[in-house]
Structures are given as C-alpha cells and as structure tokens.
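# Fold and contact review
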Amino acid sequence: MSDQDLVLVLNCGSSSVKAAVMNVAEKHVLMSCLAEKLGNVDAFVTFKDTHGNKHKRALAGEYDHVAAVLTLLDELKLAGLYERVAAIGHRVVHGGERFTQSTLITPEVMKDIEACVVLAPLHNPAHILGIEAAQKAFPDLPQVAVFDTAFHQTMPPHAYHYAVPSTLYTRYGVRRYGMHGTSYRYVTQASADFLQRDVHDLRLVIAHLGNGASITAVKNGQSMDTSMGLTPLEGLVMGTRCGDIDASIFSFLADNAKMSIEKITHMLNKESGLLGLSNLSNDCRMLEEAASYGHKGAQLALDVFAYRLAKYIAGMTIANGGLDALVFTGGIGENSTRVRSEVMAHLEPLGLVLDHDANMEACFGRSGIISTKEAGKPLALVIPTNEELMIAQDTARLANMAL
Ligand code: ADP
C-alpha cells in the first residue's frame with residue numbers, strides 16, 4: 001500500500017470550514033475539525049482526534065478560509081498525517097446542469113463552478129474560497145469536486161420542470177435541481193447492500209431528514225424525482241425552512257404586512273419550519289421532549305412535519321412506479337423513533353406497517369428494518385448516511401489512489 005493513503009474532505013461554508021481526514025480503505029476518520037466564525041477576530045477551530053478527544057485553536061492572521069486551511073495543515077503536520085494525504089475532496093452544493101458526476105478540479109471546472117454561483121449565491125462562493133485555499137496549502141495534490149446536485153441530473157423533464165413560462169428555464173435555468181445528492185448516492189448503495197439486492201433492480205424512496213430535509217425517488221440506482229427545487233427551500237418541512245407553500249404568500253405579505261422580498265425570503269428560510277410552527281425550536285429532539293410535556297406548538301410542528309413527509313412518500317412512490325423500500329436517514333431519520341412512527345401511521349394505504357420493537361432498536365447508527373415483513377409488501381428501513389465517506393471514495397477513485 002502507498003504511504004499516501006488518506007483523503008482530506010473539505011466542506012466550506014460562508015463562515016465555517018468542516019474537514020475530515022479519512023482512510024478510505026478502512027472507512028475510518030483519523031482527524032476532523034470545524035472552523036467557526038470565519039471573518040471574525042474570534043474565529044477558532046475545534047479539532048477532534050480518532051479517539052474523540054477535542055482541542056481548540058485560535059486562528060492566526062486573516063481569520064479567513066485560507067487561515068483555517070493553514071491551521072489544519074499545521075495540525076496535520078503535528079499529528080504526523082500531512083505526508084500521508086494523497087488527495088482533497090470538496091463538497092460543492094450546486095453544479096447546475098453542467099456537472100452530472102464528481103470531477104477532478106481544473107481551471108475550467110473552477111470557471112463552471114463559478115458560473116453556478118447564481119444558483120447557490122450563499123454556498124458556491126464559499127466553496128470556491130475553500131478550493132483556492134486548499135490549492136495554496138496543498139499545491140501538489142489532486143483536488144476533486146463532489147456536487148450535491150449531480151445525483152439528481154437523471155430526473156426526467158416532467159419531474160424537473162416548473163409549470164411557468166419556459167423562457168425562465170432557457171434564459172435563467174429556473175428548474176428543480178435537488179440537493180443532498182451525495183447522501184442519496186451513499187444510502188442507495190448501502191440500502192441495496194443491506195437488503196442484498198441488486199441496486200439496478202430496486203425502487204427506493206429515501207427520506208434524508210436533518211436540519212435540512214428532502215426526499216428522493218430512486219429507481220434502479222437513479223434519481224427520478226426529489227423534493228428540493230431551484231433552492232433548498234422547496235419540499236418538506238425543515239428545521240427553519242417552510243418547504244412547499246403557495247407562491248402567492250410573497251405578494252400577500254408584501255401587500256398586507258408591507259414586507260420586502262428580502263424579509264419574506266429570510267422568514268421562510270430561517271424562521272419557519274419546525275421553529276416557526278412550534279415557536280420554540282428548530283431541533284427535533286427538543287421538540288419531542290417539549291411535546292411529551294404537552295407543548296402544543298411542538299406537537300403541531302411534529303404533526304405537520306410527519307404529515308407532509310407521508311404525502312411526499314406517496315408521491316415519490318408514483319415517481320418510481322412502485323415501492324420496494326422506504327429508507328429513513330439523516331439525524332432525524334436515523335434517531336427519531338417518534339417521527340418515524342408518526343409518519344408510518346399515515347402509510348398503511350401503501351402497505352407499510354410499523355414494527356414498534358424494531359423501530360426502537362434502529363437508532364444511533366444502527367441500520368434495521370422497522371416495518372413488518374409481509375410478502376409482496378414494501379419494507380421500511382433505517383440506513384445511516386455517510387456523505388464524507390462518499391466524497392472520500394469519489395476523491396480516491398478520481399485521484400487514482402491505490403487502495
Ligand atoms: P444537518 O442537516 O445539520 O447535518 P443532522 O443530520 O445532524 O443535521 O440532523 C439534525 C437533527 O436531528 C436535529 O433536528 C436533531 O434534533 C435531530 N436528532 C438528532 N438526534 C436525535 C434523537 N435522538 N431524537 C430525535 N431527533 C434527533
């Protein structure tokens with residue numbers, strides 16, 4: 001095996017950098033870090049080693065993405081890992097229609113990622129800063145971009161078009177793109193492996209339920225439809241996003257509440273969803289606790305969340321032409337027995353019935369079948385996602401690493 005056996009996975013946000021150093025062959029994280037408050041003088045990085053021990057470091061210099069990556073580089077040297085890094089994989093939120101799969105980063109690819117800034121004005125600029133910082137810090141290493149949208153480029157036109165004048169698509173690229181594609185790709189294969197089925201002969205509906213939440217119909221390994229749209233705002237109820245609403249709410253609020261487009265957009269993205277409905281929190285676990293003490297807002301928020309999700313599961317079943325397995329993943333999908341059981345209670349018309357004991361067992365990283373098993377009926381599964389591993393595997397493959 002080569003001495004260079006590690007991949008550095010970078011996920012750069014506007015004021016944060018998340019990183020993980022992975023041994024891809026062993027599917028093992030040797031070090032991870034989170035740089036926060038970038039752009040502020042009190043920016044800092046928290047490092048975690050392979051045993052879960054944490055320590056913090058202040059950022060020197062500019063407090064920006066470059067400083068964060070240089071601090072990481074220094075820490076890698078201290079830990080004796082620097083020489084072992086063979087390639088760097090970057091999470092990139094939006095690849096538009098240009099990117100249908102992960103790719104080695106070249107100057108031309110950078111231009112195309114920049115061209116997608118208009119589609120993800122908060123995310124793509126931060127990714128570009130992160131890629132440039134990594135290129136400076138590790139000039140000799142291959143860098144790979146892995147796009148959240150790429151998996152959904154197989155959606156048929158009837159799934160991705162909005163029913164608006166077609167010039168909005170041809171001139172401005174207004175269509176549904178979807179997100180969480182890296183997670184869906186991972187969970188699709190992991191579900192097929194778990195069921196010991198051929199991924200090319202399997203109809204899955206996968207619900208990725210974290211702070212952001214979406215759902216995708218995956219038929220024979222390909223995305224057929226997904227709930228997020230031009231932006232992550234469409235679809236399911238999320239932590240702070242409203243998901244589907246009547247688009248006329250914009251003009252209604254502008255006329256009646258004298259709110260600006262910016263204010264309404266902020267409200268729908270940051271003050272809605274579980275937080276807006278409960279008036280308490282965007283955090284599912286906290287809402288479950290409050291609901292158990294009788295908090296009405298928390299109960300309503302969880303009810304709306306589960307009902308919207310159940311409706312989408314039925315819709316995605318149609319997109320797939322049937323259902324072999326419903327899969328729950330993400331922080332809520334993997335851990336919330338309450339949300340899963342509320343959703344499943346709506347799904348008997350699809351032939352899905354909850355196995356209560358199995359539901360309680362499939363938590364905290366454990367995969368499992370949580371439905372009753374009846375011949376000819378679909379199954380419901382819990383499969384933990386691992387986006388970092390997926391990025392690291394793509395990176396290793398495209399960088400021709402010997403594993
Ligand atoms: P992100 O989208 O930020 O990656 P995660 O996938 O980590 O989010 O999911 C975060 C959500 O998962 C939060 O709403 C959190 O409350 C919820 N969650 C985590 N653990 C549990 C649990 N044991 N029970 C209920 N909800 C949980």
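Below is a short write-up of the structure. Since the model is a prediction, treat every value here as computed from it, not as a measurement. (Residues numbered from 1 in each chain as written. Predicted model: local features only at pLDDT ≥ 70, side-chain atom pairs only at ≥ 80, totals over all residues. Heavy atoms only, no water.)

### Some thoughts on empty space enclosed by the protein
Over the atoms rolls a probe the size of a water molecule, and in doing so it shows where empty space is left. Let me state the cut-off plainly: The distinction between a cavity and a pocket rests on a 1 Å grid over the protein atoms alone: a 1.4 Å probe fits inside a cavity but cannot get out, while a pocket stays open yet meets protein on both sides within 12 Å along at least five of seven lines, and a residue with an atom within 4 Å of a point counts as lining. Grid points are joined across faces, edges and corners, and a volume is the space filled by probe spheres set on the points. Numbering goes from the N terminus for both helices and strands, where a helix is a DSSP run of H or I of at least four residues and a strand is a run of E of at least two.
Within this structure, the stated rule accounts for 1 cavity of 30 Å³ or more. Roughly 30 Å³ of internal volume is contained in the largest cavity. What lines the largest cavity is Val17, Ala19, Cys33, Ala35, Val45, Ala68, Val69 and Leu72. Looking at the lining of the largest cavity, the elements with two or more residues in it are strand S2 (17-23), strand S3 (28-36) and helix H1 (65-78). Of all the elements, H1 adds the most residues to the lining of the largest cavity, at 3 residues.

### Brief notes about the nonpolar core
Under the convention used in this document: Working definition of a nonpolar core: buried Ala, Val, Leu, Ile, Met, Phe, Trp, Tyr and Cys residues. They are joined through side-chain atoms within 4.5 Å. Under the scheme applied here, a residue whose accessible area is under 20% of the maximum for its type counts as buried, over 50% as exposed, and between as partly exposed, the area being computed with a 1.4 Å probe on protein chains only. When checking whether two residues touch, look at their non-hydrogen atoms; a contact exists if any pair is within 4.5 Å.
Leu209, Ile215, Leu309, Leu326, Phe328 and Val343 are the most contacted members of the largest nonpolar core, which totals 42 residues. Among the elements that take part in this core, helix H11 (residues 296-320) stands out by supplying 10 residues, more than any other. Apart from the residues within four sequence positions on either side, Leu326 is in contact with Val205, Ile313, Met344, Leu347, Leu352, Leu379, Ala380 and Leu381. Judged by nonpolar contacts, the second largest core, of 32 residues, contains Ala86, Phe151, Tyr186 and Ala396.

### Quick word on the sheet that holds strand S10 (residues 213-219)
Using the following cut-off: Two strands pair if DSSP finds at least two bridges between them.
Read across the sheet, 6 strands follow the order S11-S10-S9-S12-S14-S13 without closing on themselves; strand pairing throughout is mixed. This sheet does not close on itself; its edge strands, each paired only once, are strand S11 (222-226) and strand S13 (368-369). Relative to strand S14 (residues 379-382), strand S12 (residues 325-329) runs parallel, the two being bridged by 4 bridges. Note that in S14 the partner of Ala325 across the bridge is Leu379.

### With respect to unusual backbone geometry
For Asn220, which is not glycine, the phi torsion reads 50 degrees and is therefore positive. Take Asn220: it is sitting in the loop between S10 and S11. Judged by its relative accessible area of 30%, Asn220 is partly exposed. Even without glycine at this site, Asn279 takes up a positive phi of about 60 degrees. Judged by relative accessible area, Asn279 falls into the exposed class, the value being 71%.

### Section: the sheet that holds strand S8 (residues 143-147)
Quick note on the threshold: Fitted lines through C-alpha atoms give the axes, limited to the stretch in contact for helices. The angle between two N-to-C directions lies from 0 to 180 degrees.
Reading across the sheet, the 8 strands line up as S5-S4-S3-S2-S1-S6-S8-S7 and stay open at both edges, with mixed pairing between neighbours. Among the strands making up the open sheet, the edge pair consists of strand S5 (54-58) and strand S7 (103-104). Along the sheet face, helix H3 (residues 124-137) touches strand S1 (6-12), strand S6 (85-92) and S8 and points at about 170 degrees away from the line of S6.

### So, the environment of Thr71
The cut-off we apply is this: Nitrogen and oxygen atoms within 3.5 Å of one another constitute a polar contact, given that in protein one can donate a hydrogen and the other can accept it, and given that sequence-neighbouring residues count only through two side-chain atoms.
Structurally, Thr71 is set in helix H1. A C-alpha to C-alpha distance of 9.9 Å links Thr71 and Ala137, two positions 66 residues apart in sequence. When neighbours within four sequence positions are excluded, Thr71 is seen to be in contact with Val45, Phe47, Arg57 and Leu59. Here Ala67 takes part through its backbone oxygen, which lies 2.7 Å from a polar atom of the side chain of Thr71.

### Some points on the site of the ligand
Defined as follows: A single heavy atom is enough: if one lies within 4 Å of a molecule or strand, its residue is considered near that molecule or strand. Here the open area of atoms and residues is found with the Shrake-Rupley method and a 1.4 Å probe, where only the protein chains shown may cover a residue. Three classes are used, and their members are as follows: Ala, Val, Leu, Ile, Met, Phe, Trp, Tyr, Cys and Pro are nonpolar, Asp, Glu, Lys and Arg are charged, and the others, Gly among them, are polar.
Close to the ligand lie 13 residues, the nearest being Asn211, Asp283, Cys284, Arg285 and Gly331. The contact in question runs from an oxygen atom of the ligand to an N or O atom on the backbone of Arg285, over 3.0 Å. Compared with its free state, where it exposes 580 Å², the ligand has 72% of that area covered by protein. Elements with a minimum of two residues in the shell around the ligand: helix H10 (284-292) and helix H12 (330-335). The element contributing the most residues to the shell around the ligand is H12, with 4 residues. A per-class count over the shell around the ligand returns 3 nonpolar, 7 polar and 3 charged.

### Looking at the pairing of S14
Both faces of S14 are covered, namely the face carrying Leu379 and Leu381 and the face carrying Ala380 and Val382. Two elements, S13 and S14, share 2 bridges in a ladder whose sense is antiparallel. Bridge pairing in S14 places Gly368 opposite Val382.

### Things to note about the side chain of Thr337
Summarising the element assignment, Thr337 is placed in helix H13 (residues 337-346). Those residues in contact with Thr337 that sit more than four places away from it in its chain are Asn359, Met360 and Cys363.

### Some words on the packing of aromatic side chains
Defined as follows: For Phe, Tyr and Trp, rings pair up if their centres lie within 6.5 Å, where Trp contributes its six-membered ring, and each pair is then called stacked (planes under 30 degrees apart), edge-to-face (over 60) or tilted (otherwise). Cation placement over rings: the criterion is NZ of Lys or CZ of Arg within 6 Å of the ring centroid and within 35° of the ring normal.
Enumeration over the complete set of coordinates arrives at 3 aromatic pairs. When the ring of Phe99 is compared with that of Phe147, the centres are 4.1 Å apart and the planes differ by 10 degrees; the resulting orientation is stacked. Remark: Phe147 occurs in strand S8 and Phe99 occurs in the loop between S6 and S7; sequence separation between them is 48 residues. Residue Phe99 shares its accessibility class with Phe147, and that shared class is buried. Lying across the ring of Tyr82, Lys77 places its NZ or CZ 4.9 Å from the centre. Its end group placed over the ring of Tyr160, Arg175 keeps NZ or CZ at 3.7 Å from the ring centre.

### Concerning the packing of helix H6 (residues 181-195) against helix H15 (residues 387-398)
To be explicit about the condition: Note on angle classes: values under 35 degrees are labelled roughly parallel, values over 145 roughly antiparallel, values of 65 to 115 roughly perpendicular, and the remainder oblique.
The N-to-C vectors of H6 and H15 enclose an angle of 90 degrees; their axes lie 8 Å apart at closest approach. By the criterion of interaxial angle, the relationship of H6 to H15 is roughly perpendicular. Contacts from Thr182, Ser183, Arg185 and Tyr186 of H6 reach H15 at Glu387, Leu389, Met390, Ile391 and Asp394. Of the residues that constitute the contact of H6 with H15, the class distribution is 4 nonpolar, 2 polar and 3 charged.

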